[in-house]
Amino acid sequence: MTYVTRREHFSAGHRLFRPDWDDRRNEEVFGKCSNPAGHGHNYYVEVTVAGDVDPETGYVLDLKELKSVIQSRVLALVDHKNLNTDVPFLHGVLPTTENIAIGIWKQLVDHIPQGRLYQVRLFETEKNFVDYRGED
Ligand code: NI
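Engineer: Quick question: what am I supposed to make of the overall build of the chain here?
Structural biologist: In terms of regular secondary structure, the chain is built from 3 helices and 5 strands. Reading the chain from its N terminus to its C terminus gives the helix and strand order β-α-β-α-β-α-β-β. Summarising its shape, the C-alpha atoms of the chain cover approximately 60 × 30 × 25 Å along the three principal directions. Within the span of the chain, comprising 136 residues, buried residues form 40% of the whole. Considering only contacts within the chain whose residues lie at least 6 apart along the sequence, 67% involve residues at least 24 apart. Total accessible area computed for the chain in this model is approximately 8200 Å², and 46% of it derives from carbon and sulfur atoms. When the 16 positive and 21 negative side-chain charges of the chain are each reduced to one mean point, those points stand 3 Å apart.

Dropping the structure here:
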């Protein structure tokens, strides 16, 4: 099995806040991430596809096609958006790194041109990232 990864970037804002909790509980659990005005991140997403190398092309898949799918199904929807309010595939979801990674997986899993989606890795900061590999 061979694994091919495309790395992309987007910037977006969010606020970690549960309306069913009071301000104190939100502050305890989410800290600065629950500040009322929200804040932004420079996210990096790495999409990994697993497959066999096509003997004719030498590719698992054409990375131009993967780039195009990520662009249309993810980046166009999240870049420079408010993840709490502006993104249909995150509607009603608390936009933690975990939940955003799962949302991105769902956007892509049925649209991989060749091979199969293996992993979505989402960096919220340089030091914090989440890997999602689908449901077991
Ligand atoms: Ni944040």
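Engineer: Help me out: how do you make sense of the pairing of strand E4 (residues 116-123) in this one?
Structural biologist: Successive side chains on a regular strand alternate, one facing one side of the sheet and the next facing the other. Note: strand E2 (residues 39-51) against E4, 7 bridges, orientation antiparallel. Its bridge partner lying in E4, Ala 50 is registered against Arg 116. When E4 meets strand E5 (residues 129-132), the two strands line up antiparallel, connected through 4 bridges. Looking at E5, one finds that Phe 123 is bridged to Phe 129. In sequence, E4 turns back onto E5 through a hairpin of 5 residues.

Engineer: Honestly, the coordination of the nickel ion in this entry has me stumped. Any pointers?
Structural biologist: Metal coordination angles have textbook ideals: 109.5 degrees for a tetrahedral set of four donors and 90 or 180 degrees for an octahedral set of six. Within the first shell, the nickel ion binds the protein through His 14 (NE2), His 39 (NE2) and His 41 (NE2), at distances of 2.0 to 2.1 Å. In primary-sequence terms, the residues that donate to the nickel ion follow H-x24-H-x1-H. Judged by relative accessible area, which is 24%, His 39 ranks as partly exposed.

About the cut-offs
- Residues numbered from 1 in each chain as written.
- Predicted model: local features only at pLDDT ≥ 70, side-chain atom pairs only at ≥ 80, totals over all residues.
- Heavy atoms only, no water.
- Helix = DSSP H or I, 4+ residues; strand = E, 2+ residues; numbered from the N terminus.
- Buried < 20%, exposed > 50% of the residue type's maximum accessible area, 1.4 Å probe, protein only.
- Contact = heavy atoms within 4.5 Å.
- Areas by Shrake-Rupley, 256 points an atom, 1.4 Å probe, with all protein chains shown as cover.
- Lys, Arg positive; Asp, Glu negative; His and termini not counted.
- Charge placed at Lys NZ, Arg CZ, Asp CG, Glu CD.
- Pairing = 2+ DSSP bridges.
- Donors = N, O, S within 2.8 Å, 3.2 Å for Na, K, Ca; no water.

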